[in-house]
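Residue-level structural notes
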Amino acid sequence: MGDILDERRKGLEEEYFHRKNKEAVEKMREKMRIAAEAKSAGTSPLQCPRCDGKLKTTTFEGADADVCEKCGGVWLDSGEIEQFTRRDSGNWLGRLWHSWNNE
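Residues numbered from 1 in each chain as written. Predicted model: local features only at pLDDT ≥ 70, side-chain atom pairs only at ≥ 80, totals over all residues. Heavy atoms only, no water.

Attention now goes to the overall build of the protein chain. Scanning the protein chain for helices and strands turns up 3 helices and 4 strands. Helices (α) and strands (β) of the protein chain occur, in sequence order from the N terminus, as α-β-β-β-β-α-α. Buried positions account for 15% of the 103 residues belonging to the protein chain. Within the protein chain, contacts between residues separated by at least 24 positions form 10% of all contacts whose residues are at least 6 apart in sequence. Carbon and sulfur atoms provide 54% of the accessible area of the protein chain, an area that totals close to 8500 Å². (Helix = DSSP H or I, 4+ residues; strand = E, 2+ residues; numbered from the N terminus. Buried < 20%, exposed > 50% of the residue type's maximum accessible area, 1.4 Å probe, protein only. Contact = heavy atoms within 4.5 Å. Areas by Shrake-Rupley, 256 points an atom, 1.4 Å probe, with all protein chains shown as cover.)

Printed below as a string of structure tokens:
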């Protein structure tokens, strides 16, 4: 009798986690759809960390940057600052970045 209950619990547990995984995948797909729509419109679904403005993606010297439409703040995603500093290590940003990374 104990084996039957263990198998039943195991089946319920597997069903629960399968359902949770399916819900997580659906949420992720919805987020990806919203992000794709925002990217095609040239906006970001993200809000500015400084104020409540919307971020708009803009390209500057071949690298993307998110600019707040309200406060004008510029936000870079992971790897984007390296794109700016790689172009010309002689500019002030490149020198600053390399000095921080060589310490």
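Read on for the rest.
What follows is about the pattern of salt bridges. What the rule picks out here adds up to 6 salt bridges. Between Arg33 and Glu30 there is a salt bridge, with the nearest N and O atoms lying 2.4 Å from each other. Here Glu30 and Arg33 lie together in helix α1 (residues 2-41), a separation of 3 residues that amounts to about one turn. Given the relative accessible area of 38%, Arg33 is considered partly exposed. (Salt bridge = Lys/Arg side-chain N within 4 Å of Asp/Glu carboxyl O.)

Inspection of the entire model under this criterion finds 0 disulfides. Here Cys71 stays free of any disulfide, with the sulfur of Cys68 as its closest cysteine sulfur at 3.7 Å. Among the residues examined, Cys71 registers a relative accessible area of 31% and is labelled partly exposed. (Disulfide = S-S within 2.5 Å.)

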